[in-house]
Amino acid sequence: MLVSNDNQGLLSSNKKVVYLSIIIPTYNESENIEKLLDKIILNVPNNCYSEIIVVDDDSPDGTSKIVTDYIKHDEKKTNPSINKTYHIKLVNKKNKNGLIAAIVEGVKYCSGENILVMDADFSHPPEIIPKMIEEIQTNPNAIVIASRYVKNGFIIGWPFKRRLLSKGAAKIARIGLQIHKVTDPMSGFFLCPRRIFEEIRFDTKGYKLLLEILVKANNVNIREVPYTFTDRKSGKSKMGMNVIFDYITSVWQLYRISRKSK
Ligand SMILES: Nc1nc2c(ncn2[C@@H]2O[C@H](COP(=O)(O)OP(=O)(O)OP(=O)(O)O)[C@@H](O)[C@H]2O)c(=O)[nH]1
Ligand SMILES: [Mg+2]
C-alpha cells in the first residue's frame, strides 16, 4: 500500500494528500521511458504519494531493462534518511495483447486511491498532471479527462487526415454511445478513483479504455482539463488498420451493451 511519511514537507501544504497510482503502458518505448519518468517525478505535486507502474509487454527494444536499471539507480541515489513520496514498479507481461489488456493488468498492482493513465511517448505532457490532481481533489468522484477538444486544447504534429479520423471517431462515439458531455472520449490520458476500475468488467480489446469506462461507470462526474497533444517525436506509433478495426468493433460492442442496459 502507499504509506505516508512526512519528511519532504508533504503534509505541511494545506491541500489534502492524494494517493496516486500512475499507469504507463509501454511497447518499444526505450527512447522515451527514462526521460518520461524523470519528468513525471518532477511534475507530481508535493501533496501526492505516488507509485508509477510501467506495464511492458516484453518489448524487444529492451524497455523493461531500462526501467529496471532506472529503479535500481533511483534507489541508490535517494538519500535513505528522506522518505520518498514516490516509487516505481515494473510489470513485465509476457504476451502483447493490446493497450487495454496492459492497463487492466497494471490496475492489479495499484494501491493508490486514484489511478492516472498516460502514454509513454510524450503525447501526454506530465506538466498537466497537477491540474488533473487539483480537479480530483475538488471532485473526488470524477473522471478527470485531459482533453484535446475542449476549449484551449490543441493538437500539434498530426496531419489533416489523422485529425479528421480522430475527430470523426470521437463524434461517432459521442453520438452512438450517448456520451455527449465529453469532448474527448477517446483520450488515453485520464485520472479517476480506483474503485471505478474495480467496478467494471472490461470486455473490449484494443486501445480505447476510457470509452468503456464512460459507458459502464455509474454515478460519476466528468471534468475535462485542456492540454496540447503533441505527436510522438521518438519511437514508432502502433496505430494501424488493426487499431481502427478494434475501435469499430469495440464501439459496436459498447453500443449493444448500452442499449441492453436501458
Ligand atoms: N504494454 C503495451 N503498451 C502498448 C501496447 N500498444 C501500445 N502501447 C503503449 O501505449 C501507448 C500509446 O501507444 P501509441 O503507439 O503511442 O499509440 P497512439 O498514441 O494511439 O498512436 P500515435 O498517435 O501514433 O502515437 C504508448 O505508451 C505505447 O507504448 C501494447 O500492446 N502493450
Ligand atoms: Mg501515441
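These numbers were taken from a predicted model, which means no experiment stands behind them.

Q: Teacher, can you tell me more about empty space enclosed by the protein here?
A: With a probe scaled to a water molecule rolled over the atoms, the places where space remains empty come into view. Enumeration over the complete set of coordinates arrives at 1 cavity of 30 Å³ or more. The calculated volume of the largest cavity comes to roughly 50 Å³. Around the largest cavity, the lining residues are Ile100, Lys205, Gly206, Tyr207, Lys208, Val243, Asp246, Tyr247 and Ser250. The leading source of residues in the lining of the largest cavity is helix H8 (residues 241-260), at 4 residues. Class assignment of the residues belonging to the lining of the largest cavity gives a composition of 4 nonpolar, 2 polar and 3 charged.

Q: Quick question: what am I supposed to make of the layout of surface pockets here?
A: Each pocket or cavity is described by its volume, and for the largest pocket that value is around 920 Å³. Taken together, 44 residues make up the lining of the largest pocket; nearest its centre are Arg162, Tyr207, Lys208, Met239 and Val243. Counting only elements with at least two residues in the lining of the largest pocket, the list comes to strand S1 (18-26), helix H3 (99-107), helix H5 (160-176), helix H7 (209-216) and H8. Classifying every residue of the lining of the largest pocket gives 24 nonpolar, 9 polar and 11 charged.

Q: Quick question: what am I supposed to make of the site of ligand 1 here?
A: Near ligand 1, the surroundings consist of 19 residues, among which Pro25, Glu29, Lys96, Asp121 and Ser237 are the closest. Relative to its unbound accessible area of 630 Å², ligand 1 is 97% covered by the protein chains. Of the pockets mapped on this structure, ligand 1 occupies the largest pocket. Elements represented by at least two residues in the shell around ligand 1 include exactly S1 and H3. Split by residue class, the shell around ligand 1 holds 8 nonpolar, 3 polar and 8 charged.

Q: Help me understand the nonpolar core, please; the structure alone is not making it clear to me.
A: It is characteristic of soluble globular proteins that their nonpolar side chains tend to be buried jointly. Ranked by internal contacts, the top residues of the largest apolar core, which has 37 residues, are Ile143, Phe190, Phe197, Leu209, Leu211 and Ile213. At 6 residues, H7 tops the list of elements feeding residues into this core. Setting aside residues up to four positions removed in sequence, phenylalanine 190 forms contacts with Ile115, Leu116, Val117, Met132, Val144, Ile145, Phe197, Leu209, Leu210 and Ile213.

Q: Just to check I follow, could you spell out unusual backbone geometry for this structure?
A: The bulk of non-glycine residues show a negative phi, and the bulk of peptide bonds are trans. The phi dihedral of phenylalanine 122 falls on the positive side, at around 70°, and the residue is not glycine. Its relative accessible area of 27% is what places phenylalanine 122 among the partly exposed residues. Located in the positive-phi region is glutamine 178, a residue other than glycine, with phi close to 55°.

Q: Can you walk me through the pairing of strand S2 (residues 48-56) in this structure?
A: For S2, the tally of buried residues reaches 9 of 9 residues, placing the bulk of the element in the interior. With burial as the criterion, each face of S2 is covered, one bearing Cys48, Ser50, Ile52, Val54 and Asp56 and the other bearing Tyr49, Glu51, Ile53 and Val55. Here S1 runs beside S2; their pairing, made up of 9 bridges, is parallel. Along S2, the bridge assignment pairs valine 18 with cysteine 48. This β-α-β element, S1 to helix H1 (residues 33-43) to S2, shows right-handed connectivity. Sheet topology places S2 next to strand S3 (residues 86-92); 7 bridges connect them, and they run parallel. Note on S3: the bridge partner recorded for valine 55 is valine 91.

Q: Would you take a moment to explain H7 for this structure?
A: Each full turn of the α-helix corresponds to 3.6 residues, which orients residues three or four apart in the same direction. In terms of burial, H7 is largely enclosed, as 8 of its 8 residues are buried. Listed as buried for H7 are Leu209, Leu210, Leu211, Glu212, Ile213, Leu214, Val215 and Lys216.

Q: Is there a simple way to explain the sheet that holds S2 in this structure?
A: Pairing between the strands of a sheet comes from backbone hydrogen bonds, and it takes one of two forms, parallel or antiparallel. Strand order across the open sheet formed by 7 strands is S3-S2-S1-S4-S7-S5-S8, with mixed pairing between neighbours. The open sheet terminates on both sides in strands that have one partner only, identified here as S3 and strand S8 (221-226). Taken over all neighbouring pairs, the strand axes of this sheet differ in orientation by 20° on average, direction set aside. Across 4 bridges, the pairing between S1 and strand S4 (residues 114-117) is parallel. Counted as the bridge partner of leucine 20 is asparagine 114 from S4. Here helix H2 (residues 63-77) sits on the sheet and contacts S1, S2 and S3; the angle it forms with S3, its principal contact strand, is near 155°.

Conventions and cut-offs
Residues numbered from 1 in each chain as written. Chains lettered and ligands numbered in written order. Predicted model: local features only at pLDDT ≥ 70, side-chain atom pairs only at ≥ 80, totals over all residues. Heavy atoms only, no water. 1 Å grid on protein atoms, 1.4 Å probe; cavity = no way out; pocket = protein on both sides within 12 Å on 5 of 7 lines; lining within 4 Å. Points joined across faces, edges and corners; volume = space filled by probe spheres on them. Helix = DSSP H or I, 4+ residues; strand = E, 2+ residues; numbered from the N terminus. Nonpolar A, V, L, I, M, F, W, Y, C, P; charged D, E, K, R; others polar. Near = heavy atom within 4 Å. Areas by Shrake-Rupley, 256 points an atom, 1.4 Å probe, with all protein chains shown as cover. Sits in = over half its atoms within 2 Å of the grid points. Core = buried A, V, L, I, M, F, W, Y, C linked by side-chain atoms within 4.5 Å. Buried < 20%, exposed > 50% of the residue type's maximum accessible area, 1.4 Å probe, protein only. Contact = heavy atoms within 4.5 Å. Pairing = 2+ DSSP bridges. Right-handed = clockwise from strand over helix to strand, strands pointing away. Axes fitted to C-alpha atoms, helices over the stretch in contact; angles between N-to-C directions.

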